[in-house]
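Tertiary structure, described
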Amino acid sequence: MGRRIGVLGGTFDPVHIGHLRGALEVAEQFALDELRLIPNSQPPHRGVPSSSAADRLAMVQCAVADLPPLTVDARELGRDRPSYTIDTLESLRAELSADDRLYLLLGWDAFCGLPGWRRWEELLEHCHILVLQRPDADMEAPEALRDLLAGRSVSDPQALLGSSGQIAFVWQTPLEVSATQIRQLLASGRSVRFLVPDAVLAYINAHGLYRAPN
Ligand SMILES: Nc1ncnc2c1ncn2[C@@H]1O[C@H](COP(=O)(O)OP(=O)(O)OP(=O)(O)O)[C@@H](O)[C@H]1O
Ligand SMILES: O=C(O)c1ccc[n+]([C@@H]2O[C@H](COP(=O)([O-])O)[C@@H](O)[C@H]2O)c1
C-alpha cells in the first residue's frame, strides 16, 4: 500500500491560519501520511514578496513545528528560476514509489488561475488535485478548465482512484483570511494575533517584518 502525501505550495508571505487549518483538515480527511508546505522562492505569477524566501520558509517552519503530519519542504528555495509547480511535482515523483498518492492542494483562486501555469495540462499526470474553498473568492471556473472539470472531477473526494489524475473539491472550515490582509494590518500597526500562530507572530516581531518604514 503506497503512502499518501499532500502538497500545499504558496508564497506564505506570511503563512496564516487559512493555510494551516485547511492543510490540517485535509490531512485528517484523507488520512495523509504527510502534508508538505512548500514555500516558493520566486513566485511565478506575482511580484516580489514583501519578505525574503528565507524568512517565509522560517515562518512556515515555526508554524508546523510539532504539528505532524504537517511538514515543510524547502526544495523550491534551491532553484534560481521561477518556482513552477510542475518542476516540484516532477522532483517529488522522482523520490516516491509509483503507488504513492500525491495530492496537490489549491485554494479556489489558485485553481482558477491554473490555465496560466507552466505545463499545467501535465500536472494531473503526477498528482490528484484537491481544491479548497476560499470564502473571499467568488469567481467562476474559467472556460479553459471546463473540459478538465467535466472529465476529471469526482463528486466524492473519498472516491479518488489511483495515484494521480483526478480533481476533487473538499470541504474545510471557511476562514476568510489572507496574507494580504495580514501585511496590511501589520503595516498600519494593528494586531494580527489569532490570524497567525503565536510562533509566527513572534518571528515577525523579532525580525521587524511587514512594518511600515518610519
Ligand atoms: N484562507 C484561505 N482558505 C483557503 N485556502 C487559502 C487561504 N489562503 C490561502 N489559501 C490557498 O493557499 C495557497 C497559498 O496561498 P498564498 O500563500 O498565496 O496565500 P494568500 O493568503 O492567498 O496570499 P496573498 O494574500 O499574499 O495573495 C493558495 O492555493 C491559496 O489559494
Ligand atoms: O507553475 C506555475 O506556473 C505556477 C503559477 C502560479 C503559481 N504557482 C504556485 O501556486 C502556489 C500558490 O501561488 P500563490 O502565488 O497564490 O502563492 C505556489 O506554490 C506557486 O509557486 C505555480
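First, a word on scope: everything that follows refers to the structure included in this document. Bear in mind that the values here come from a model prediction, so they are computed numbers and not experimental data. (Residues numbered from 1 in each chain as written. Chains lettered and ligands numbered in written order. Predicted model: local features only at pLDDT ≥ 70, side-chain atom pairs only at ≥ 80, totals over all residues. Heavy atoms only, no water.)

**Regarding helix α1 (residues 17-29)**
Over its 13 residues, α1 runs 18 Å from end to end, which matches the ideal 18 Å to within 8%, given 1.5 Å per residue. Within the span of α1, buried status applies to G18, H19, L20, G22, A23, L24, E25, V26 and A27. A positive phi of about 45° marks A31, the residue just after α1. (Helix = DSSP H or I, 4+ residues; strand = E, 2+ residues; numbered from the N terminus. Expected span 1.5 Å × (residues − 1). Buried < 20%, exposed > 50% of the residue type's maximum accessible area, 1.4 Å probe, protein only.)

**A closer look at the pattern of salt bridges**
All chains considered together, the criterion is met by 13 salt bridges. In this structure, R36 engages D73 in a salt bridge whose closest nitrogen and oxygen atoms are separated by 2.9 Å. Linking R36 in strand β2 (residues 34-39) with D73 in the loop between β3 (70-72) and α3 (85-93), this pair joins segments that are 37 residues apart in sequence. Given a relative accessible area of 6%, D73 falls into the buried group. Among the salt bridges present, the one from E143 reaches R146, with a minimum N-O distance of 2.9 Å. Separated by three residues within a single helix, E143 and R146 lie in helix α5 (residues 143-152), roughly one turn from each other. Among the charged side chains, a network of salt bridges with common partners joins R3, E34, R36, D73, R75 and E95. (Salt bridge = Lys/Arg side-chain N within 4 Å of Asp/Glu carboxyl O.)

**Things to note about the site of ligand 2**
Near ligand 2 you find G9, G10, T11, N40, P44, H45, R46, S83, Y84, T85, W117 and R118, and these make up its full shell. N40 is positioned with one of its side-chain polar atoms (N or O) 3.3 Å from an oxygen atom of ligand 2. T85 is positioned with one of its backbone polar atoms (N or O) 2.9 Å from an oxygen atom of ligand 2. With the chains in place, 88% of the 480 Å² that ligand 2 exposes on its own is no longer accessible. The pocket occupied by ligand 2, as judged from atoms lying within 2 Å of grid points, is the largest pocket. In terms of residue class, the shell around ligand 2 is built from three nonpolar, seven polar and two charged. (Near = heavy atom within 4 Å. Polar contact = N/O pair within 3.5 Å; in protein donor to acceptor, adjacent residues only side chain to side chain. Areas by Shrake-Rupley, 256 points an atom, 1.4 Å probe, with all protein chains shown as cover. 1 Å grid on protein atoms, 1.4 Å probe; cavity = no way out; pocket = protein on both sides within 12 Å on 5 of 7 lines; lining within 4 Å. Sits in = over half its atoms within 2 Å of the grid points. Nonpolar A, V, L, I, M, F, W, Y, C, P; charged D, E, K, R; others polar.)

**Quick word on the site of ligand 1**
Within the structure, ligand 1 sits among 22 residues, and R46, D109, R134, A179 and T180 are positioned closest to it. The contact in question runs from an oxygen atom of ligand 1 to an N or O atom on the side chain of H16, over 2.9 Å. At 2.8 Å from an oxygen atom of ligand 1 is found a side-chain nitrogen or oxygen belonging to R46. A total of 610 Å² of accessible area belongs to ligand 1 in isolation, and the protein chains cover 91% of it. Given that more than half its atoms are within 2 Å of the pocket grid, ligand 1 belongs to the largest pocket. Taken together, the residues of the shell around ligand 1 break down into seven nonpolar, eleven polar and four charged.

**Some thoughts on the environment of D80**
On the secondary structure map, D80 appears in the loop between β3 and α3. Overall, D80 belongs to the exposed group, its relative accessible area being 74%. Expressed as a C-alpha distance, the spacing of D80 and S41, which sit 39 residues apart in the sequence, is 8.2 Å.

**Quick notes on the side chain of R183**
Topologically, R183 is positioned in helix α6 (residues 179-187). Given the relative accessible area of 19%, R183 is considered buried. Residues within four places of R183 in sequence aside, it is in contact with D13, P14, S50 and Y210. (Contact = heavy atoms within 4.5 Å.)

**What about the sheet that holds strand β7 (residues 167-170)?**
Across a sheet, strands are paired by hydrogen bonds formed along the backbone, either parallel or antiparallel in direction. The seven strands lie next to each other as β3-β2-β1-β4-β5-β7-β6, forming an open sheet whose pairing is parallel. Because the sheet does not close on itself, it has two edges, and the strands there are β3 and β6 (153-154). Pairing geometry for strand β1 (residues 4-10) and β2, over six bridges, is parallel. Across the sheet, the residue bridging to V7 is R36, located in β2. Against the sheet, α1 engages β1, β2, β3, β4 (101-107), β5 (128-132) and β7, with an angle of about 150° to β2. (Pairing = 2+ DSSP bridges. Axes fitted to C-alpha atoms, helices over the stretch in contact; angles between N-to-C directions.)

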